[in-house]
Amino acid sequence: MLALLTAVLLAPQTPPADSLAGPLLCFTTNTLPAQPAETVVHLQPLRSSDPARVLWRNRGNAAVLARLDRSRILLASYGDPYALLVVDADGTHRVLADGCPHEFVAVHGDQVLHLGDPRPAADDAFLFATPWTGKGERQRLDTERFDRIATVVGNLAIGITKHERQVRVISLTSGKGRSVLEVPAGSRGLTVALSPSGNRLAVGSVGRDGKGELRVLDRSEEHTSELQSPCNLVCRLLLEKK
(Lines give C-alpha, C1' and ligand atoms only; values in the text may rest on other atoms or scores of the structure.)
Protein backbone atom coordinates (compact mmCIF):
# COMPACT_ATOMS: atom_id res chain seq x y z
CA MET A 1 0.00 0.00 0.00
CA LEU A 2 1.42 3.38 -1.02
CA ALA A 3 0.76 6.55 0.97
CA LEU A 4 1.93 10.05 0.12
CA LEU A 5 2.97 11.79 3.31
CA THR A 6 4.64 15.08 2.58
CA ALA A 7 6.30 17.25 -0.02
CA VAL A 8 9.58 18.50 1.36
CA LEU A 9 10.57 22.13 1.70
CA LEU A 10 13.32 24.14 0.02
CA ALA A 11 16.68 23.75 1.69
CA PRO A 12 19.79 25.83 2.43
CA GLN A 13 22.16 26.54 -0.46
CA THR A 14 25.34 24.68 0.50
CA PRO A 15 24.69 20.95 0.72
CA PRO A 16 27.01 18.29 2.14
CA ALA A 17 28.34 15.70 -0.31
CA ASP A 18 25.74 13.09 0.71
CA SER A 19 22.89 15.57 0.74
CA LEU A 20 19.26 15.19 -0.26
CA ALA A 21 19.63 18.17 -2.59
CA GLY A 22 16.71 19.74 -4.44
CA PRO A 23 12.98 19.29 -4.00
CA LEU A 24 11.95 15.78 -2.98
CA LEU A 25 8.86 13.68 -2.73
CA CYS A 26 8.82 11.56 0.38
CA PHE A 27 6.47 8.59 0.67
CA THR A 28 6.11 5.36 2.58
CA THR A 29 5.21 1.80 1.73
CA ASN A 30 4.45 -1.03 4.09
CA THR A 31 4.82 -4.78 3.85
CA LEU A 32 1.34 -5.77 5.06
CA PRO A 33 0.07 -8.46 5.27
CA ALA A 34 3.57 -9.85 5.73
CA GLN A 35 4.67 -10.30 9.32
CA PRO A 36 6.41 -8.65 10.97
CA ALA A 37 5.13 -5.56 9.17
CA GLU A 38 7.67 -2.94 8.09
CA THR A 39 7.38 0.69 7.05
CA VAL A 40 9.80 1.84 4.36
CA VAL A 41 10.52 5.51 3.73
CA HIS A 42 11.37 6.37 0.10
CA LEU A 43 12.79 9.58 -1.39
CA GLN A 44 12.10 10.59 -4.99
CA PRO A 45 14.05 13.55 -6.46
CA LEU A 46 11.66 15.79 -8.41
CA ARG A 47 14.32 17.37 -10.64
CA SER A 48 16.02 14.16 -11.63
CA SER A 49 15.26 10.98 -13.52
CA ASP A 50 16.89 8.96 -10.76
CA PRO A 51 14.59 6.35 -9.24
CA ALA A 52 13.28 6.62 -5.69
CA ARG A 53 15.63 5.25 -3.09
CA VAL A 54 15.04 3.74 0.32
CA LEU A 55 16.07 6.08 3.12
CA TRP A 56 14.85 4.20 6.20
CA ARG A 57 12.96 1.07 7.17
CA ASN A 58 11.75 -0.32 10.47
CA ARG A 59 9.04 -2.42 12.08
CA GLY A 60 5.78 -0.67 12.83
CA ASN A 61 4.23 2.46 11.37
CA ALA A 62 6.03 5.74 10.75
CA ALA A 63 5.30 9.21 9.40
CA VAL A 64 7.55 11.84 7.84
CA LEU A 65 6.96 15.12 9.68
CA ALA A 66 9.34 17.67 8.19
CA ARG A 67 12.49 18.23 6.18
CA LEU A 68 15.05 19.80 8.50
CA ASP A 69 17.78 20.64 5.99
CA ARG A 70 19.42 19.17 2.89
CA SER A 71 20.62 16.08 4.73
CA ARG A 72 18.07 15.36 7.48
CA ILE A 73 14.38 14.70 7.91
CA LEU A 74 12.22 14.43 11.02
CA LEU A 75 10.36 11.16 11.41
CA ALA A 76 7.77 9.86 13.87
CA SER A 77 8.34 6.17 14.55
CA TYR A 78 5.38 4.39 16.15
CA GLY A 79 7.08 1.01 16.42
CA ASP A 80 10.51 0.29 17.86
CA PRO A 81 11.85 2.82 18.66
CA TYR A 82 8.72 4.64 19.78
CA ALA A 83 10.11 8.13 19.34
CA LEU A 84 10.75 11.20 17.24
CA LEU A 85 13.79 10.52 15.07
CA VAL A 86 16.24 12.58 13.03
CA VAL A 87 17.15 10.53 9.92
CA ASP A 88 20.30 11.41 7.96
CA ALA A 89 20.85 11.16 4.21
CA ASP A 90 22.79 7.90 4.62
CA GLY A 91 19.86 6.29 6.47
CA THR A 92 21.34 6.46 9.95
CA HIS A 93 19.14 7.90 12.64
CA ARG A 94 19.21 9.18 16.19
CA VAL A 95 16.45 9.49 18.75
CA LEU A 96 15.43 13.12 19.23
CA ALA A 97 12.68 12.52 21.82
CA ASP A 98 11.79 9.13 23.24
CA GLY A 99 8.22 8.08 24.02
CA CYS A 100 6.41 10.86 22.16
CA PRO A 101 6.10 10.29 18.40
CA HIS A 102 2.52 11.61 18.49
CA GLU A 103 3.52 14.82 20.30
CA PHE A 104 5.25 16.77 17.54
CA VAL A 105 4.24 20.45 17.50
CA ALA A 106 6.44 22.35 15.03
CA VAL A 107 9.96 23.00 13.77
CA HIS A 108 11.11 26.36 15.10
CA GLY A 109 14.50 27.35 13.72
CA ASP A 110 17.06 24.75 14.78
CA GLN A 111 14.73 23.31 17.41
CA VAL A 112 11.83 20.87 17.34
CA LEU A 113 8.91 21.79 19.57
CA HIS A 114 7.16 18.80 21.08
CA LEU A 115 5.34 17.60 24.15
CA GLY A 116 6.97 14.98 26.35
CA ASP A 117 5.85 11.41 26.95
CA PRO A 118 2.20 11.63 28.08
CA ARG A 119 1.92 8.04 29.27
CA PRO A 120 1.10 7.71 32.99
CA ALA A 121 4.43 6.10 33.84
CA ALA A 122 6.30 9.15 32.52
CA ASP A 123 3.72 11.92 33.01
CA ASP A 124 6.06 14.24 31.11
CA ALA A 125 3.61 16.20 28.95
CA PHE A 126 5.51 19.48 29.22
CA LEU A 127 6.40 21.57 26.18
CA PHE A 128 10.01 21.06 25.11
CA ALA A 129 12.35 22.63 22.58
CA THR A 130 14.95 20.09 21.46
CA PRO A 131 17.80 20.97 19.05
CA TRP A 132 17.59 18.80 15.94
CA THR A 133 21.22 19.58 15.09
CA GLY A 134 22.35 17.40 17.98
CA LYS A 135 24.05 20.30 19.75
CA GLY A 136 22.68 21.20 23.17
CA GLU A 137 20.09 19.76 25.51
CA ARG A 138 16.33 19.92 25.32
CA GLN A 139 14.76 22.88 27.12
CA ARG A 140 11.52 22.67 29.05
CA LEU A 141 9.22 25.60 28.33
CA ASP A 142 6.76 26.81 30.98
CA THR A 143 5.88 24.94 34.18
CA GLU A 144 2.57 23.36 33.18
CA ARG A 145 1.73 20.04 31.55
CA PHE A 146 -0.26 20.36 28.35
CA ASP A 147 -3.02 18.46 26.66
CA ARG A 148 -2.06 20.02 23.34
CA ILE A 149 -0.48 23.05 21.71
CA ALA A 150 -3.14 24.82 19.66
CA THR A 151 -0.88 27.01 17.52
CA VAL A 152 2.61 28.44 17.16
CA VAL A 153 2.91 31.99 15.82
CA GLY A 154 6.32 33.61 15.58
CA ASN A 155 7.99 33.24 18.96
CA LEU A 156 4.79 32.41 20.82
CA ALA A 157 2.99 29.13 21.43
CA ILE A 158 -0.59 28.90 22.67
CA GLY A 159 -1.36 25.78 24.66
CA ILE A 160 -4.23 24.11 26.48
CA THR A 161 -3.22 22.52 29.76
CA LYS A 162 -4.10 19.06 30.99
CA HIS A 163 -7.77 18.53 31.81
CA GLU A 164 -8.50 21.64 29.69
CA ARG A 165 -8.32 24.01 32.64
CA GLN A 166 -6.17 26.83 31.26
CA VAL A 167 -5.19 28.52 28.03
CA ARG A 168 -1.58 29.64 28.25
CA VAL A 169 0.72 31.72 26.07
CA ILE A 170 4.36 30.59 26.10
CA SER A 171 7.35 32.62 24.94
CA LEU A 172 9.69 30.48 22.87
CA THR A 173 12.57 32.86 23.57
CA SER A 174 12.36 33.16 27.36
CA GLY A 175 10.67 29.81 28.01
CA LYS A 176 8.14 31.46 30.30
CA GLY A 177 4.37 31.15 30.06
CA ARG A 178 1.34 32.85 31.51
CA SER A 179 -2.31 31.98 31.83
CA VAL A 180 -4.63 34.11 29.71
CA LEU A 181 -7.81 32.24 30.64
CA GLU A 182 -8.92 29.79 33.31
CA VAL A 183 -11.84 27.70 32.16
CA PRO A 184 -14.59 26.79 34.67
CA ALA A 185 -14.46 23.23 35.99
CA GLY A 186 -16.48 20.84 33.87
CA SER A 187 -15.97 22.70 30.63
CA ARG A 188 -14.90 20.63 27.65
CA GLY A 189 -14.10 20.83 23.97
CA LEU A 190 -11.73 23.78 24.17
CA THR A 191 -10.94 25.29 20.78
CA VAL A 192 -8.54 28.18 20.27
CA ALA A 193 -8.06 30.50 17.30
CA LEU A 194 -5.87 33.55 16.85
CA SER A 195 -6.84 36.56 14.75
CA PRO A 196 -4.66 37.36 11.72
CA SER A 197 -3.05 40.32 13.51
CA GLY A 198 -2.38 38.31 16.66
CA ASN A 199 -4.17 40.90 18.81
CA ARG A 200 -7.25 38.83 19.59
CA LEU A 201 -7.66 35.28 20.82
CA ALA A 202 -10.94 33.38 20.59
CA VAL A 203 -11.54 30.50 23.01
CA GLY A 204 -14.57 28.28 22.58
CA SER A 205 -15.79 25.69 25.06
CA VAL A 206 -18.88 23.73 26.09
CA GLY A 207 -20.03 24.12 29.68
CA ARG A 208 -21.59 21.61 32.08
CA ASP A 209 -25.05 22.64 30.92
CA GLY A 210 -24.18 21.82 27.32
CA LYS A 211 -24.19 25.43 26.20
CA GLY A 212 -21.38 26.69 24.07
CA GLU A 213 -19.42 29.72 25.20
CA LEU A 214 -17.09 31.92 23.20
CA ARG A 215 -14.59 34.23 24.87
CA VAL A 216 -12.76 36.83 22.83
CA LEU A 217 -9.62 38.13 24.50
CA ASP A 218 -7.70 41.17 23.38
CA ARG A 219 -5.19 43.51 24.95
CA SER A 220 -7.73 45.64 26.77
CA GLU A 221 -10.73 43.54 27.72
CA GLU A 222 -12.52 40.21 27.59
CA HIS A 223 -15.83 39.71 25.80
CA THR A 224 -17.99 36.70 26.65
CA SER A 225 -21.01 35.50 24.74
CA GLU A 226 -23.10 32.33 24.90
CA LEU A 227 -23.74 30.46 21.70
CA GLN A 228 -27.00 28.82 20.77
CA SER A 229 -25.54 25.51 19.67
CA PRO A 230 -25.12 23.15 22.66
CA CYS A 231 -22.43 21.03 21.06
CA ASN A 232 -19.97 20.74 18.16
CA LEU A 233 -18.71 24.23 18.87
CA VAL A 234 -16.61 25.63 16.07
CA CYS A 235 -14.29 28.53 16.90
CA ARG A 236 -13.37 30.48 13.75
CA LEU A 237 -10.59 32.92 13.09
CA LEU A 238 -11.65 36.45 13.90
CA LEU A 239 -11.36 39.06 11.18
CA GLU A 240 -9.92 42.39 12.10
CA LYS A 241 -12.18 45.40 11.75
CA LYS A 242 -10.90 47.94 9.28
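Preceding this paragraph is the structure being described.
Residues numbered from 1 in each chain as written. Predicted model: local features only at pLDDT ≥ 70, side-chain atom pairs only at ≥ 80, totals over all residues. Heavy atoms only, no water.

## Description of unusual backbone geometry
That bond from Asp80 to Pro81 is cis: its omega, 10°, falls within 30 degrees of zero. Looking at where Pro81 falls in the secondary structure, it is placed in the loop between strand E6 (72–78) and strand E7 (82–88). Positive phi values are uncommon outside glycine, yet His163 reaches one of about 65°. Counting through the fold element by element, His163 comes out in the loop between strand E14 (156–161) and strand E15 (166–171). Residue classification places His163 among the exposed residues on the basis of a relative accessible area of 67%. (Helix = DSSP H or I, 4+ residues; strand = E, 2+ residues; numbered from the N terminus. Buried < 20%, exposed > 50% of the residue type's maximum accessible area, 1.4 Å probe, protein only.)

## What to know about the sheet that holds strand E10 (residues 111–115)
Across the sheet, which stays open at both edges, the four strands sit in the order E9-E10-E11-E12 with antiparallel pairing between neighbours. Edge positions in the sheet fall to strand E9 (104–108) and strand E12 (139–141), since each of these pairs with one other strand and no more. Put simply, the sheet's adjacent strands are angled 25° from each other on average, direction ignored. Pairing analysis gives three bridges linking strand E11 (residues 127–131) to E12, with the strands arranged antiparallel. What sits directly across from Leu127, in E12, is Leu141. (Pairing = 2+ DSSP bridges. Axes fitted to C-alpha atoms, helices over the stretch in contact; angles between N-to-C directions.)

## Section: the sheet that holds strand E13 (residues 146–153)
Strands belonging to one sheet form pairs held by backbone hydrogen bonds; the direction of such a pair is parallel or antiparallel. If you trace the four strands from one edge of the open sheet to the other, you get E13-E14-E15-E16, paired in antiparallel fashion. Two strands in the sheet have a free side with no partner beyond their single neighbour: E13 and strand E16 (177–182). Neighbour-to-neighbour, the strand axes of the sheet open up by a mean angle of 25°, direction not taken into account.

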